[in-house]
Amino acid sequence: MKFPYTEKVLEHFKNPRNVGKLENPDGKGLEGSPACGDMVAVYLQVNPDTQVIEDIKFESYGCASNIATASIITELAKGKTIEEAKKISWQEATEELGGLPPVKAHCSVLAVEGLRAAIRDYEEKHGLVSEQEPTTVDVIRSRLKHVMNPMAGLDIIRTELVTKMEINDGVVRILIDLPSNHQFAANIKEEVMEKIESLWDVKEVNVVFTE
């Protein structure tokens, strides 16, 4: 039986480029779920004058294809402007690796989505989003699907940790079904704040835990 991975996939799997985490990144994106088998986080450092991605790192949980595609995506994006990096496609990543087994095509999609999420995070934090849609409960729910529940390996929406979401005059209130002294409460709050505070019309975020 023919081995399913190309030599380049194996090279990036065994010796991935740009692995790790940037402290105080200009943009951060997280896609996937460890419970589903694949997850990738992408961190960006961007030159504010030229909009060039000067540094990029990734953290990955998953198979050889997931690690290899995240590695090649960072190689493709490094040195490009934000606008250029937005155009990187999963097909381009797959071609750079010499192809992937069809059943693993989703890994390149996941890596590209992680990059785009990091770019979107950067643009929101720096007021560069051209289409400013009003923040709604649906927008908040969508953002919170990228906050992990460490106890389950799935997001806090699917695991029903979020019991209520409200937005009124730019003030967001999110009720979490955990006691405030729970070992994961501080981490969850920090991630929730990070995902919601960057929205252009949000003035304040209140994360409330059940006592």
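Keep in mind that what you see is a predicted model, and the values were worked out from it rather than measured. (Residues numbered from 1 in each chain as written. Predicted model: local features only at pLDDT ≥ 70, side-chain atom pairs only at ≥ 80, totals over all residues. Heavy atoms only, no water.)

Visitor: Kindly report on the confidence of the model for the chain, identifying the contributing residues and their values.
Guide: In the predicted model, the chain carries a mean pLDDT of 87, and the fraction of residues at 70 or more is 96%. Per-element confidence in the chain is highest for strand 7 (residues 171–176), whose mean pLDDT is 97, and lowest for strand 5 (residues 154–155), whose mean pLDDT is 80. (pLDDT = per-residue confidence, 0-100. Helix = DSSP H or I, 4+ residues; strand = E, 2+ residues; numbered from the N terminus.)

Visitor: If you had to explain helix 6 (residues 137–144) to someone new, which residues and values would you point to?
Guide: For helix 6, the full list of buried residues reads Ile140, Arg143 and Leu144. In a view along the axis of helix 6, the buried residues occupy a sector of 95°, so they form one face of it. Next to the buried residues of helix 6 lie helix 5 (105–125), strand 5, strand 6 (162–168), strand 7 and helix 7 (185–197). (Buried < 20%, exposed > 50% of the residue type's maximum accessible area, 1.4 Å probe, protein only. Arc of directions from axis to C-beta. Contact = heavy atoms within 4.5 Å.)

Visitor: Please give an account of the sheet that holds strand 7 that cites residues and values.
Guide: Strand order in this open sheet of three strands is 6-7-8, and the pairing throughout is mixed. Sheet topology places strand 6 and strand 8 (204–209) at the edges, where each strand pairs with a single neighbour. Strand-to-strand twist in this sheet, taken as the mean axis angle between neighbours without regard to direction, amounts to 10°. The sheet contact formed by strand 6 and strand 7 spans six bridges and is antiparallel. Looking at strand 7, one finds that Val162 is bridged to Ile176. The sheet contacts of helix 6 involve strand 6 and strand 7, and relative to strand 6 the element is tilted by about 135°. Along the sheet face, helix 7 touches strand 7 and strand 8 and points at about 155° away from the line of strand 8. (Pairing = 2+ DSSP bridges. Axes fitted to C-alpha atoms, helices over the stretch in contact; angles between N-to-C directions.)

Visitor: Got a sec to walk through the packing of helix 1 (residues 7–14) against helix 2 (residues 64–77)? Specific residues and values, please.
Guide: For the pair helix 1 and helix 2, the least separation of the axes is 8 Å and the interaxial angle reads 85°. In terms of their interaxial angle, helix 1 and helix 2 are classed as roughly perpendicular. Contacts between helix 1 and helix 2 involve Lys8, Val9, His12 and Phe13 from the former and Ala64, Ile67, Ala68, Ser71, Ile72 and Glu75 from the latter. Class assignment for the residues of the contact of helix 1 with helix 2 results in six nonpolar, two polar and two charged. (Parallel < 35°, antiparallel > 145°, perpendicular 65-115°, else oblique. Nonpolar A, V, L, I, M, F, W, Y, C, P; charged D, E, K, R; others polar.)

Visitor: Give me the lowdown on the nonpolar core, citing residues and values where you can.
Guide: One recurring pattern in soluble globular proteins is that nonpolar side chains are buried together. Residues Leu44, Ile53 and Leu115 are the most contacted members of the largest nonpolar core, which totals 30 residues. Elements supplying a minimum of two residues to this core: strand 2 (38–46), strand 3 (53–61), helix 2, helix 3 (82–86) and helix 5. With eight residues, helix 2 is the largest single contributor of residues to this core. Every residue in contact with Leu115, bar those within four places of it in the chain, is listed here: Val42, Leu44, Ile56, Ile73, Ala77, Ala85 and Ile88. With 22 residues, the next largest nonpolar core counts Val172, Leu178, Ile196 and Leu199 among its residues. (Core = buried A, V, L, I, M, F, W, Y, C linked by side-chain atoms within 4.5 Å.)

Visitor: Lay out the UniProt feature "domain: MIP18 family-like" (unreviewed entry) in the chain in plain terms, naming residues and giving numbers.
Guide: Cross-referencing UniProt, the feature "domain: MIP18 family-like" (unreviewed entry) maps to residues 139–207 in the present numbering. Across residues 139–207, the secondary structure splits into 28% helix and 30% strand, with the terminal C-alpha atoms separated by 16 Å. (UniProt positions renumbered as here; feature names shortened; annotations may be inferred.)

Visitor: Got a sec to walk through unusual backbone geometry? Specific residues and values, please.
Guide: Backbone geometry places Asn24, a non-glycine residue, at a positive phi of 50°. Structurally, Asn24 can be placed in the loop between helix 1 and strand 1 (27–33). The class for Asn24 is exposed, based on a relative accessible area of 73%. Phi is positive for Gln51, which is not a glycine, with a value near 65°. Tracing the backbone through its elements, the reader meets Gln51 in the loop between strand 2 and strand 3. With relative accessibility at 24%, the residue Gln51 sits in the partly exposed group.

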